[in-house]
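The primary structure of each chain is shown beneath.
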Amino acid sequence: NGAGFVESMLPGGPAHSSRRIDKGDQIIKVDGAQLMGSNLLNAITGSDIPGSVVIFTIKKQSGEVVDIPLNRMSSAKVVGTRRIFDNFREIQDAATQDGNEDAVLIVQETLQLWETSLIVQHNRD
């Protein structure tokens, strides 16, 4: 049917920062348009003008359908944020493989602090 399910969210991104979208929610429309095939990324990117509003129609796991307006991030910011997050995960995986529990805990704490600071920054913008 073209609808996508939320599997993950970019830490500090608009969806994550809104705290209104959860893993497992279903995206059924973007800006009022029903999703068809694999056009979710194109619909989300839209005009790619940072700060422009995109409205997601979400079917919550409870069955409730809600419209959630979010401000877009620039593509460059998305790429940079994703890269930092991926690097942290690689460090965490390496520490786990090496059995370095202290390093794993430090990376987890750093990720939590970073996510919190991104949310605060996003809410301030």
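Further up the page is the structure itself.
Residues numbered from 1 in each chain as written. Predicted model: local features only at pLDDT ≥ 70, side-chain atom pairs only at ≥ 80, totals over all residues. Heavy atoms only, no water.

J.: What is the right way to read the overall build of the protein chain from this model?
T.: Within the protein chain, the regular secondary structure consists of 4 helices and 5 strands. For the protein chain, the succession of helices and strands along the chain, N to C, is β-α-β-β-α-β-β-α-α. Per-residue burial over the protein chain gives 32% buried out of 125 residues. Long-range contacts, defined as pairs at least 24 residues apart, comprise 53% of the intrachain contacts of the protein chain with a sequence gap of at least 6. On the protein chain, roughly 7,900 Å² of surface is accessible, and the fraction owed to carbon and sulfur atoms is 53%. (Helix = DSSP H or I, 4+ residues; strand = E, 2+ residues; numbered from the N terminus. Buried < 20%, exposed > 50% of the residue type's maximum accessible area, 1.4 Å probe, protein only. Contact = heavy atoms within 4.5 Å. Areas by Shrake-Rupley, 256 points an atom, 1.4 Å probe, with all protein chains shown as cover.)

J.: So what exactly am I meant to see when it comes to the pairing of strand E4 (residues 53-59) here?
T.: Consecutive side chains of a regular strand alternate in pointing toward one face of the sheet and then the other. Note that strand E2 (residues 26-30) and E4 share 4 bridges and pair antiparallel. From the neighbouring strand, glutamine 26 faces E4, where its bridge partner is lysine 59. Direction of pairing for E4 relative to strand E5 (residues 65-71): antiparallel, over a ladder of 7 bridges. Its bridge partner lying in E5, threonine 57 is registered against aspartate 67. Connecting the antiparallel pair E4 and E5 is a turn made up of 5 residues, with glycine 63 showing a positive phi of about 100°. (Pairing = 2+ DSSP bridges.)

J.: Mind showing me how you'd approach the pattern of salt bridges here?
T.: Between side chains of opposite charge, pairing is possible as soon as their charged atoms come close. Within the structure shown, the criterion is met by 4 salt bridges. Across the pair aspartate 86 and arginine 82 runs a salt bridge whose closest N-O atoms are separated by 3.0 Å. With aspartate 86 and arginine 82 both in helix H3 (residues 75-98), this residue pair falls 4 residues apart, about one helical turn. A relative accessible area of 30% places aspartate 86 in the partly exposed class. Salt bridges linked by common partners bring Asp22, Asp25 and Lys60 together as one network. (Salt bridge = Lys/Arg side-chain N within 4 Å of Asp/Glu carboxyl O.)

J.: Whenever I open this one, the nonpolar core confuses me. Can you help?
T.: For soluble globular proteins, nonpolar side chains are generally found buried alongside one another. Ranked by size, the top nonpolar core spans 11 residues in total: Val6, Ile21, Ile27, Val30, Leu35, Val54, Phe56, Ile58, Val66, Ile68 and Leu70. Elements supplying a minimum of two residues to this core: E2, E4 and E5. The residues touching valine 6, leaving out its near neighbours within four places in the chain, are Ile21, Asp22, Lys23, Gly24, Asp25 and Ile27. With 6 residues, the next largest nonpolar core counts Phe85, Leu111, Trp114 and Leu118 among its residues. (Core = buried A, V, L, I, M, F, W, Y, C linked by side-chain atoms within 4.5 Å.)

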